[in-house]
Structure formats: structure tokens, C-alpha cells
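Structural overview
Letter by letter, the chains look like this.
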Amino acid sequence: MSKGGAFDLASGLGGKIEKDDVLSAVDRYEKYHSDFGGVEEDRKANYTDMVNKYYDLVTSFYEYGWGESFHFAPRWKGESLRESIKRHEHFLALQLGLKPGHKVLDVGCGIGGPLREIARFSSTSVMGINNNEYQITRGKALNRVAGVEKTCDFTKADFMNMPFSENSFDAVYAIEATCHAPDAVGCYKEIYRVLKPGQSFAAYEWCMTDAFDPNNQEHQKIKAEIEIGDGLPDIRSTRQCLAALKEAGFEVIWEQDLAKDSPLPWYLPLDTSHFSLSSFRLTAVGRFITKNMVVALEYVGLAPKGSQRVQSFLEKAAEGLVAGGKKEIFTPMYFFLARKPQ
């Protein structure tokens, strides 16, 4: 039941923002970022507002182009994007050692594509935490369609301050989500608090790699494009993530940048030189069609004013992601498996 066509896309643009307020929301969102005079300190201080605006503005575009699971994946030759995304989710479940009956937490769950897949794959109950009302409403509708509403649910809350008791969950995971946290240590400490002793936390993190040079202007430009296009207050390094985990109290079992060993580049779906019928909407031709469709929908009033600008900063994000991937200065799949001591 992912977004199927132009009218489905138009109906979701702006999320829970009133249609007449979308343009001003775009203005406010853009002003958080460096290209528009914003600074990292303001993005971190106002991360809840910034990230909520971002997901209200982009969720419909994400679902239209990407499906229900908004993340990248390592990919084998001959494997479709959809197949690689499912395998990436299954890998996470296997690493966590999920068993039937386990109570699992998905931190920053989006519209719940991964939590539905992992719940079905592992016969577990998965709770998703998300602070965006539109995504939760959409996720609950998709749960009903999939018939998993008895084992999958959502809680609207900030993952920096979760409304769960200590030692509540048998496992916790995050898929390209805790990169939105203004403070990695604080985020991981909160996950540590709600995880049962002796149990595991696994994640795929968006990070700058050791190849990133903060004094290189081109590297900084790429980083800024990813930040504005993906609602990020900053992008941490892999070393910073690892240090934050340990400071939060976790024992790190193993960690690795999974992008390094991917037979096909993780950014291939966004690379304009690549063409695929199975993920046509992400190709250069597909994105050109979407761009012009949004122009037309906005012109006739079916899409709110400001939709073109959202599509434009998502294009910038795609350019930054591909450039960051090709230069190997950025990864969306720094993986770690960590345990809370007994």
C-alpha cells in the first residue's frame, strides 16, 4: 500500500502541516541549515522541530520513490533494491538473536516498513517509537493492511526521552534513524536504560568516515547537502559513534562499515548514470518525471505551494549522498552490535 501514483503523492505532501502553511514550513526548515545561514548549534537545540518539519515535508516523497522502508542496503549483483532492503533487515534480526515472543523496540521507526518485516521474519512483537504524527498515522494504516496490528504498534515520543520503564525490551535496533539525535551519548544512554540487562542493541548509522577531511571545502559541501536534504543536525564520524556507545555503558561486540564490502555501491539507486526498471522512480528519468509532475500538481493546486522546493532539496541530498559515497567519505550503514552488561 505504498504510494502508487501522482494523486497518492499529492494527497500526502506536507504531512500533518496545513496545506496553506507548507511553504512557510519549508522556509523555516531551510533556515536551520548552513546554505541558508543556519548553524549546527541551532539545529541541535531545535532538533525536534527541525526533524518533525522534515518528515512532514518529505515522507510522501520517500514512500512514493522508496517504498515503506526508508533506508539503504548492501547489494549483491542480480539482487533488486527491494530484495536487498529486506535482507538488510533480516540481517539485523539475526544479529540480535530475535526469538518468537521477544519484545523489540525500533528507535526512529518511520512508517514502519522494517518493523513489520522484522516482526514477521522473527515472530516477535515490535514497538516503533517516532515523534512524527503523520508517519505514525500512516504506519498504523499500513499495519492494518498487513494484518500485523496485534504484534506491531507505535508510540509517539522523542527517543531522547522515551516513555518506557527501565529494562523493558528484549532487543533494540535503529535503522538510519539515531543520526537525527542531537547528542549520541544521550541517545544511546536512553536506549541502554530501556534495554534488559544482557540483551543487545544493533544499528545502522549515518556517519562520516575516516576519509572525510573537515578542512576540505568539497567534503564540507557534500556533508552540508546531506544534512539539509536529510534533516540532520550534524553527521558524526564512525569513531564518535563508537566512543558514544562505550560512554553510554555498552559492550561493543563488533562493528563495521558494511558499505566497504557491498558488491554493488549502496548509492547506486540514486546515481543518475544508473538505470533500473525495478526502481524506475529513483532513476534520472524517473526523478525528472516526478519533478515535472510535482510542478504540475502544485500549479493546479493539488499539491501545496512549496512542494517543488521540497523536491529540490531532496535532489540536492541525492547528489550529496552519491558524491559522498563515491569519495568514500560518507556511509549510511556503519553497523554495530552492542550488549548491555548483566
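So, here's what we can say about the structure. (Residues numbered from 1 in each chain as written. Predicted model: local features only at pLDDT ≥ 70, side-chain atom pairs only at ≥ 80, totals over all residues. Heavy atoms only, no water.)

**What about the packing of helix α2 (residues 22-30) against helix α4 (residues 47-66)?**
- Taken N-terminus to C-terminus, the directions of α2 and α4 make an angle of 135 degrees; their axes are 10 Å apart at the nearest point. Compared by their axis directions, α2 and α4 come out oblique. Of the two possible hands of crossing, α2 and α4 adopt the one that is left-handed. Residues V22, A25, V26, R28 and Y29 of α2 touch α4, and the partners they reach there are M50, K53, Y54 and L57. (Axes fitted to C-alpha atoms, helices over the stretch in contact; angles between N-to-C directions. Helix = DSSP H or I, 4+ residues; strand = E, 2+ residues; numbered from the N terminus. Parallel < 35°, antiparallel > 145°, perpendicular 65-115°, else oblique. Left-handed = near helix turned anticlockwise from the far one by under 90°. Contact = heavy atoms within 4.5 Å.)

**Topic: the nonpolar core**
- Y173 and F330 are the most contacted members of the largest nonpolar core, which has 45 residues in total.
- Among the secondary structure elements, those contributing two or more residues to this core are α5 (81-96), α6 (113-122), β3 (152-156), β4 (169-175), β5 (195-208), α9 (217-230), α12 (307-326) and β7 (330-339).
- The element best represented in this core is α5, accounting for five residues.
- Not counting residues up to four positions away in its chain, the partners in contact with Y173 are L92, L96, V104, L105, D106, V107, P114, L115, I118, V126, F201 and A202.
- Judged by nonpolar contacts, the second largest core, of 32 residues, contains V107, A184, C187 and A244. (Core = buried A, V, L, I, M, F, W, Y, C linked by side-chain atoms within 4.5 Å. Buried < 20%, exposed > 50% of the residue type's maximum accessible area, 1.4 Å probe, protein only.)

**Looking at the side chain of D106**
- As for its position among the elements, D106 is in strand β1 (residues 103-107).
- Of the polar contacts made by the side chain of D106, one reaches the side chain of Y173; its length is 2.8 Å.
- Leaving out residues up to four positions away in the same chain, D106 has contacts with P114, L115, V126, M127, G128, I129 and Y173. (Polar contact = N/O pair within 3.5 Å; in protein donor to acceptor, adjacent residues only side chain to side chain.)

**Observations regarding the packing of aromatic side chains**
- If you walk through the whole model with that rule in mind, you get 21 aromatic pairs.
- Consider the rings of F72 and W266, whose centres lie 4.9 Å apart with planes at 75 degrees: the pair is edge-to-face. Pair noted here: F72 is in the loop between α4 and α5 and W266 is in the loop between β6 (251-257) and α11 (284-299), with a separation of 194 residues, a long-range link.
- The class of F72 is buried, set by a relative accessible area of 6%.
- Centre to centre, the rings of W266 and Y267 are 5.5 Å apart; their planes meet at 85 degrees, and the pair counts as edge-to-face. Each member of the pair, W266 as well as Y267, is classed as buried.
- Taking the ring centre of F169 as reference, the NZ or CZ of K103 above it sits at 5.1 Å. (Phe/Tyr/Trp six-rings, centres within 6.5 Å; stacked < 30°, edge-to-face > 60°. Lys NZ or Arg CZ within 6 Å of the ring centre and 35° of its normal.)

**Brief notes about helix α10 (residues 238-248)**
- Buried residues of α10: T238, C241, L242, A244, L245 and A248, and no others. Down the axis of α10, the buried set is contained in an arc of 160 degrees. They therefore lie on one face. In this structure, α10 carries R239, K246 and E247 as exposed residues pointing more than 90 degrees from its buried face.
- The secondary structure elements touched by the buried residues of α10 are α8 (184-194), β5, β6 and β7. (Arc of directions from axis to C-beta.)

**Description of empty space enclosed by the protein**
- Following the criterion strictly, the structure yields two cavities of 30 Å³ or more and no others.
- In this structure, the second largest cavity encloses a volume near 40 Å³.
- Along the walls of the second largest cavity sit F72, A73, R75, L81, P265, W266 and P269, which together make up its complete lining.
- When its residues are assigned to classes, the lining of the second largest cavity shows six nonpolar, no polar and one charged. (1 Å grid on protein atoms, 1.4 Å probe; cavity = no way out; pocket = protein on both sides within 12 Å on 5 of 7 lines; lining within 4 Å. Points joined across faces, edges and corners; volume = space filled by probe spheres on them. Nonpolar A, V, L, I, M, F, W, Y, C, P; charged D, E, K, R; others polar.)

**Comments concerning α5**
- Counted at 1.5 Å a residue, the expected span for α5 with its 16 residues is 22 Å, and the 23 Å between its end C-alpha atoms agrees.
- Looking only at α5, the buried set comprises L81, S84, I85, H88, E89, L92, A93 and L96.
- In this structure, the buried side of α5 is in contact with α4, α6, β4, β5 and β7.
- Note on α5: the residue one or two positions beyond its end, G97, has a positive phi of about 65 degrees. (Expected span 1.5 Å × (residues − 1).)

**Concerning the layout of surface pockets**
- Looking at the second largest pocket, its volume works out to about 390 Å³.
- Contributing to the lining of the second largest pocket are 20 residues, with T209, D257, A259, K260 and E328 lying nearest its centre.
- Every element with two or more residues in the lining of the second largest pocket is listed here: β6, α12 and β7.
- Looking at side-chain class alone, the lining of the second largest pocket contains eight nonpolar, six polar and six charged residues.

**Some words on the packing of α8 against α10**
- At a minimum axis separation of 8 Å, α8 and α10 run at an interaxial angle of 45 degrees. When the interaxial angle is binned, α8 and α10 end up oblique. Handedness of the crossing formed by α8 with α10: right-handed. Between α8 and α10, the residues in contact are A184, V185, Y188, K189 and Y192 and C241, A244, L245, E247 and A248, respectively.

**A look at the pattern of salt bridges**
- All told, the structure shown has 19 salt bridges when counted by the stated rule.
- Here E117 makes a salt bridge to R120, at a shortest N to O gap of 3.6 Å. Separated by three residues within a single helix, E117 and R120 lie in helix α6, roughly one turn from each other.
- With a relative accessible area of 11%, E117 lands in the buried category.
- The exposure class of R120 is partly exposed, given its relative accessible area of 46%.
- Residues joined in a network through salt bridges with shared partners are R43, K223, E227 and D234. (Salt bridge = Lys/Arg side-chain N within 4 Å of Asp/Glu carboxyl O.)

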